[in-house]
Amino acid sequence: MHLTLLAIDWVLLLEKAVLISIVISVSLVVAMYETWGERKVAAFMQDRRGPNRAGPGGLFQPLADGLKLFAKEEIIPASSNRLLFVLGPGLAMLTAMMTSAVVPWSSHFELFHRHVSMQIADVNIGILYIFGVVSMGVYGVMIGGWASNNKFSLLAAVRGASQIISYELAMGLSIIALLMVTGSLSLRTIVEQQQTGHYYILLQPLGFLIFLVCAFAECNRTPFDLSEADSELNMGFHLEYSSMKLGFYLFAEYVNVFISSAVMATLYFGGYDIPFVNDASLAERWGQNPVAALQIVSFFVKIVAFIFFFMWVRWTVPRFRYDQLMKLGWKMLIPLALFNMVLTGFLVLLHQNHWHF
Amino acid sequence: MQPLTSRAKAVDRKPMTMWERMYLPAIAKGMSITFGHMFKKKPTVNYPEKTRPFSPVFRGLHVLNRDEQGRERCTACGLCAVACPAEAITMEGAERLPGEENLYREEKYAAKYEINMLRCIFCGLCEEACPKDAIYLSETFAPANFTRKGFIYGKEELLIPHPVDQPEEFAKARGEHQPTTAD
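Residues numbered from 1 in each chain as written. Chains lettered and ligands numbered in written order. Predicted model: local features only at pLDDT ≥ 70, side-chain atom pairs only at ≥ 80, totals over all residues.

Colleague: Looking at this structure, I do not really get the overall build of chain A. What am I missing?
Modeller: A count of helical and extended segments in chain A gives 14 helices and two strands. Relative to the 2.2 N^0.38 estimate, which gives 21 Å for 357 residues, the radius of gyration of chain A is 22 Å and therefore close to what a compact globule would have. Its C-alpha atoms put chain A at 60 × 60 × 55 Å along the principal axes. Pairs at least 24 residues apart make up 79% of the contacts formed inside chain A by residues separated by at least 6 positions. (Helix = DSSP H or I, 4+ residues; strand = E, 2+ residues; numbered from the N terminus. Rg over C-alpha atoms; globule rule 2.2 N^0.38 Å. Contact = placed C-beta atoms within 7 Å.)

Now the structure itself:
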């Protein structure tokens, strides 16, 4: 008994617990300020000023919004399925938070003579894990819409589910092409391969484009926000939700945006790699810890750029009609992704066999 | 059919070309437009902190004027009430008693003077009708109130502060463009 207790690396456990709590609180804070950022970006693109009353530049606006959501009355419709109704937002939030487990936030720190990895779990099937968790996100929408016992919500949920399933296919196919190039499913390995400065966006431009479009669809963001289309479905699957349960749905969306930005930066833009600089030689000169801190900063700059891109698209592109959405997914993105896959396979074979034209 | 304006355009129902079906060129164009708007000057005026200047002929809430010694100018002649197209003004006259010469300029004064701000259309005809320069439209606008009764302004609300006793409030009530005979 007491040997097994000794065998567990308690410090590692503590280290991971700290890292998990940091990652979760950071994603929540980022999601909070995404709401502020979204309103500011929307305002600036429409020649307005945006929130500027609460705190300098409206920076306390998310706190006020959160307080408002907490103070609202919590309504569970009598005709709804209580258990599923409560489960829906919780599931949406859970899946949104779980994805962050395999993202490498930085190389590693050297603290107290320990090698502290800035990744919660370096599983060798990292990408598959992300896919598995992301596809569970559809249950949040589906269960929430169904449990509301409301025609609009059900319609929105069905739409959302079919949309996410259709776009997951193209997303998976675009990732397969990337995996042919990397030869690894581990996100850390993929980032380390890009340390030389050859980001995979250069090798997989078409794959990135497909992945980007599918990421918008997976996050239920405009132009693919059919599941909450306010003008036709009246808020869609979270129509019946109020108070913090609504807040959870909205929050989960923003956490999803954050995480998918992180995944895109990791897969195609070198993750935590500092651009135009050789990180390894920099680490020799300055020591590992400052470089690791800089890498976090560099990663977050990339993530924020992607988040801005998400918002920029949202306030530019109008929503797709449902048939257009399905046509785009099945008739354009999937054939394109297949073509990209075949092309990549061909080029990889050429490269491996040193064939030349 | 004859088009009604020169701007009429027939609806184009041609199927989209390959270029259009790619969506991306059009999206890129739209995104460059929205990005350009981020750096445009914003027309918003931060209202409570900043206000836009009024035109010199702006007609806001009424004030009842005093002369330079702080005596009320109104003699309750009723010309403003007659001129008022909205019938918003009512008044009751009273005779000045000996010893009240420092309060009222002439022998007759308005004991009661009421303007119903809900009826008033801020046309300024009362201001034009007044032979004693007693009523003016200021630069303040109609504030909110909780009851309809609150919009019937009496002398308490209308009278301009005393120029000698309360010079600061007087200057504030006069506003920038407000012409008064007190100076």
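Continuing now.
Colleague: Which parts of the structure should I look at to understand the overall build of chain B?
Modeller: A count of helices and strands for chain B gives six helices and five strands. Going from N to C terminus, chain B has its helices and strands arranged as α-α-β-α-β-β-α-β-β-α-α. A globule of 183 residues ought to have a C-alpha radius of gyration of about 16 Å, yet chain B, at 28 Å, is considerably larger. Overall, chain B is about 95 × 45 × 30 Å in size when its C-alpha atoms are taken along their principal axes. Across the 183 residues that make up chain B, the buried fraction comes to 17%. In chain B, 72% of the contacts between residues at least 6 apart in sequence involve partners at least 24 apart. (Buried ≥ 20, exposed ≤ 12 C-beta atoms within 10 Å, placed from the backbone.)

Colleague: Teacher, can you tell me more about the packing of helix α4 (residues 82–98) of chain A against helix α5 (residues 126–147) of chain A here?
Modeller: All names here are of chain A. It is the contact of α4 with α5, at a shortest axis distance of 8 Å, that shows an interaxial angle of 160°. Considering the angle they form, α4 stands roughly antiparallel to α5. Viewed along their axes, α4 and α5 form a crossing whose handedness is left-handed. Between α4 and α5, the residues in contact are Leu84, Phe85, Leu87, Gly88, Pro89, Leu91, Ala92, Thr95, Ala96 and Met98 and Val133, Met136, Gly137, Tyr139, Gly140, Ile143, Gly144, Trp146 and Ala147, respectively. For the contact of α4 with α5, the per-class residue count stands at 14 nonpolar, five polar and no charged. (Axes fitted to C-alpha atoms, helices over the stretch in contact; angles between N-to-C directions. Parallel < 35°, antiparallel > 145°, perpendicular 65-115°, else oblique. Left-handed = near helix turned anticlockwise from the far one by under 90°. Nonpolar A, V, L, I, M, F, W, Y, C, P; charged D, E, K, R; others polar.)

Colleague: Explain unusual backbone geometry to me, please; I cannot follow it from the model alone.
Modeller: It is generally the case that most residues other than glycine have a negative phi and that most peptide bonds are trans. You will see that aspartate 47 of chain A, though not glycine, has its phi angle at about 60°, which is positive. On the secondary structure map, aspartate 47 of chain A appears in the loop between α2 (10–45) and α3 (61–71). One non-glycine residue, glutamate 87 of chain B, adopts positive backbone phi at about 50°. With respect to the element layout, glutamate 87 of chain B can be found in the loop between α3 (79–83) and β2 (89–95). A tally of 11 C-beta atoms within 10 Å means that glutamate 87 of chain B is categorised as exposed.

Colleague: Is there a simple way to think about the environment of alanine 10 of chain B in this case?
Modeller: Residue and element names in this part refer to chain B. In this fold, alanine 10 is placed in the segment before α1 (18–21). On the neighbour-count criterion, alanine 10 (6 C-beta atoms within 10 Å) is exposed. For the pair formed by alanine 10 and glycine 78, sequence separation is 68 residues and the distance between their alpha carbons is 63 Å.

Colleague: What's the story with the sheet that holds strand β3 (residues 108–116) of chain B in this structure? I'm lost.
Modeller: Hydrogen bonds between backbone groups are what pair the strands of a sheet, and the pairing can be parallel or antiparallel. Residue and element names in this part refer to chain B. What the three strands build is an open sheet, ordered β2-β3-β5; its pairing is antiparallel. Pairing within the sheet leaves two strands with one partner each, and these edge strands are β2 and β5 (152–153). Two elements, β3 and β5, share two bridges in a ladder whose sense is antiparallel. The partner of isoleucine 115 across the bridge, within β5, is tyrosine 153. (Pairing = 2+ DSSP bridges.)

Colleague: Would you mind showing me how to read the interface of chain B and chain A here?
Modeller: Contacts between the two partners involve 11 residues from chain B and, on the opposite side, nine residues from chain A. Counted by class, the side of chain B that touches chain A contains five nonpolar, four polar and two charged residues.

Colleague: Would you mind going over the nonpolar core with me for this structure?
Modeller: Judged by nonpolar contacts, the single largest core of 83 residues is most densely connected at Ala170, Phe211, Cys214, Ala252, Val255, Phe258 and Met264 of chain A. Residue contributions to this core peak at 15 residues, all from helix α11 (residues 243–268) of chain A. In this view, alanine 170 of chain A contacts Ile210, Cys214, Gly329, Leu333, Ile334 and Ala337 of chain A; residues no more than four positions away in its chain are not counted. If you look at the next biggest cluster of nonpolar residues, it comprises 21 residues, including Ala76, Ala88, Cys120 and Ile160 of chain B. (Core = buried A, V, L, I, M, F, W, Y, C linked by C-beta atoms within 7 Å.)

Colleague: Would you take a moment to explain the confidence of the model for chain B for this structure?
Modeller: All names here are of chain B. The predicted model of chain B averages 84 in pLDDT, with 94% of residues at 70 or higher. In this model, residues 178–183 is a region of pLDDT below 50 whose contacts with residues beyond four sequence positions or in other chains number 12 contacts. Confidence estimates for the predicted assembly give a pTM of 0.79 and an ipTM of 0.75. (pLDDT = per-residue confidence, 0-100.)

Colleague: What is the right way to read helix α9 (residues 205–218) of chain A from this model?
Modeller: One full turn of an α-helix is made of 3.6 residues, so residues set three or four places apart face in the same direction. Residues and elements named next belong to chain A. Its 14 residues place the ends of α9 20 Å apart at the C-alpha level, agreeing with the 20 Å of an ideal helix rising 1.5 Å per residue. Of the positions making up α9, those classed as buried are Gly207, Phe208, Ile210, Phe211, Val213, Cys214, Ala215, Phe216, Ala217 and Glu218. Residues of α9 that are buried make contact with α5, α6 (151–182), α8 (200–203), α11, α13 (288–314) and α14 (322–352). Taken from the residues just after α9, asparagine 220 is the one with a positive phi, measuring 55°. (Expected span 1.5 Å × (residues − 1).)

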